[in-house]
Amino acid sequence: MAQLGLIGLGKMGFNMRERLRAAGHEVVGYDRNPDVTDSTSLEDMVSKLDGPRIVWIMVPAGEPTRQTVAELGNLLSEGELVIDGGNSKYTDDRINADLLAAKKVGYLDCGVSGGVWGKDNGYGLMVGGAASDVEKAMPIFDALRPEGPRDEGFSHAGAVGSGHYAKMIHNGIEYGMMQAFAEGFELLEAAKVVENVPAVIKGWQRGTVVRSWLLDLLVRALDEDPELDDLEGYVEDSGEGRWTLEEAINNAVPAPVISAALFARFASRQEDSAAMRAVAALRNQFGGHSVKKAGD
């Protein structure tokens, strides 16, 4: 049995705690929400753990994570370990690792994929850091990853920063896959040749080259709302897609699918696009094409 301190008990962190406990591990969680926390503060959480301690962070990327790492640096002892399992940008990891190294505390960055389904299905894990630190945390990783061969749900990607880098690229790929399914759905709906669009998409779940978990989730959504009329077409992005494109530019790697998917999300948030108004105006100017006046 392993013991773990877990900071951040939101949708992901809460389910991770439940999966670890179901596997027989002891988890002491800390969250600002008194309804879910096991401790009153970070200091209280650390005091309830036996040494050498391992603490996993699941808080928002950026300043909240940096502050948490800094505070843990003052609470943990030499030879103990911090794992950042949030969606931090990989460039933050070296800063966090160096801060903890000054206290002789280890650091791993872990990209986590699986969403709200991870509790039952397991989480895909991509880890960066020293091999000795990875080995210390392996009982935790083995409990969180999906059942089956370790190398099909867990990877030690390389040095500090590589885990979050791998997760960043994973999410960029996810953007493109989601956009392709979305465009296919819209085209099936628009063409009117296909009379039962949900049935067609459901029929892709077995035997086809596009079968995937994302397809399964689209089928589930269509089962609940066949026309998807209950939703607005407004899509946020959490950062990884933007960072992936930054890396594509920095490395001169063409990434047209991922870039188009990200820009499609931007377009989804525009109630009235100035760019599309300009296109309409130009078409009207050079070709006399019909336009729709505001308010029509």
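Keep in mind the model is a prediction, meaning the values are calculated, not measured. (Residues numbered from 1 in each chain as written. Predicted model: local features only at pLDDT ≥ 70, side-chain atom pairs only at ≥ 80, totals over all residues. Heavy atoms only, no water.)

To continue, consider the packing of aromatic side chains. Using the criterion set out here, one finds four aromatic pairs in the structure. Judged by centre distance (5.3 Å) and plane angle (35°), the rings of Phe-141 and Phe-154 are tilted. Pair noted here: Phe-141 is in helix H6 (residues 131-144) and Phe-154 is in strand E7 (residues 154-158), with a separation of 13 residues, a long-range link. Residue Phe-141 is classed as buried on the basis of its relative accessible area of 0%. Accessibility expressed as a relative area gives 8% for Phe-154, which makes it buried. (Phe/Tyr/Trp six-rings, centres within 6.5 Å; stacked < 30°, edge-to-face > 60°. Helix = DSSP H or I, 4+ residues; strand = E, 2+ residues; numbered from the N terminus. Buried < 20%, exposed > 50% of the residue type's maximum accessible area, 1.4 Å probe, protein only.)

Turning our eyes to something else, we now look at the packing of helix H7 (residues 162-191) against helix H11 (residues 256-268). H11 packs onto H7 with a crossing angle of 70° between their chain directions and a minimal axis gap of 8 Å. The pairing of H7 with H11 is recorded here as roughly perpendicular in orientation. Every residue of H11 that contacts H7 at Gly-172, Ile-173, Tyr-175, Gly-176, Met-178 and Gln-179 is listed here: Val-257, Ile-258, Ala-261, Leu-262, Ala-264 and Arg-265. For the contact of H7 with H11, a count of residues per class yields eight nonpolar, three polar and one charged. (Axes fitted to C-alpha atoms, helices over the stretch in contact; angles between N-to-C directions. Parallel < 35°, antiparallel > 145°, perpendicular 65-115°, else oblique. Contact = heavy atoms within 4.5 Å. Nonpolar A, V, L, I, M, F, W, Y, C, P; charged D, E, K, R; others polar.)

As a further point, take the pairing of strand E2 (residues 26-30). The buried count for E2 comes to four of five residues, which makes it a mostly enclosed element. Judged from the five bridges that link them, strand E1 (residues 3-7) and E2 form a sheet pairing that is parallel. Paired with Ile-7 across the strands is Tyr-30, a residue of E2. Between the parallel pair E1 and E2, the chain is carried across by helix H1 (residues 11-22), and the sense of this crossover is right-handed. (Pairing = 2+ DSSP bridges. Right-handed = clockwise from strand over helix to strand, strands pointing away.)

What follows deals with helix H3 (residues 63-75). Over its 13 residues, H3 extends 19 Å from the first C-alpha to the last, a length consistent with the 18 Å expected when each residue adds 1.5 Å. Among all positions in H3, only Thr-65, Thr-68, Val-69, Leu-72 and Gly-73 are buried. Looking straight down H3, one finds its buried side chains confined to an arc of 140°; they lie on one side. Elements in contact with the buried residues of H3: E1, helix H2 (42-47), strand E3 (54-57), strand E4 (81-84) and helix H4 (90-101). (Expected span 1.5 Å × (residues − 1). Arc of directions from axis to C-beta.)

Tracing the chain through its elements places Asn-96 in helix H4. In this structure Asn-96 comes out as buried when scored by relative accessible area, which is 2%. At 3.4 Å, the side chain of Asn-96 forms a polar contact with the side chain of Tyr-107. (Polar contact = N/O pair within 3.5 Å; in protein donor to acceptor, adjacent residues only side chain to side chain.)

When you line up the elements, Gly-29 lands in strand E2. Measuring from C-alpha to C-alpha, the distance between Gly-29 and Asn-87 comes to 19 Å, with 58 residues separating the pair along the chain.

Ordered by their spatial adjacency, seven strands build an open sheet running E2-E1-E3-E4-E5-E6-E7, and the pairing between neighbours is mixed. Each edge of the open sheet is held by one strand with a lone partner, namely E2 and E7. Across the sheet, the axes of successive neighbouring strands diverge by a mean angle of 25°, strand direction being ignored. Sheet topology places strand E5 (residues 106-113) next to strand E6 (residues 124-128); five bridges connect them, and they run antiparallel.

Distances and angles like these do not, on their own, reveal function.
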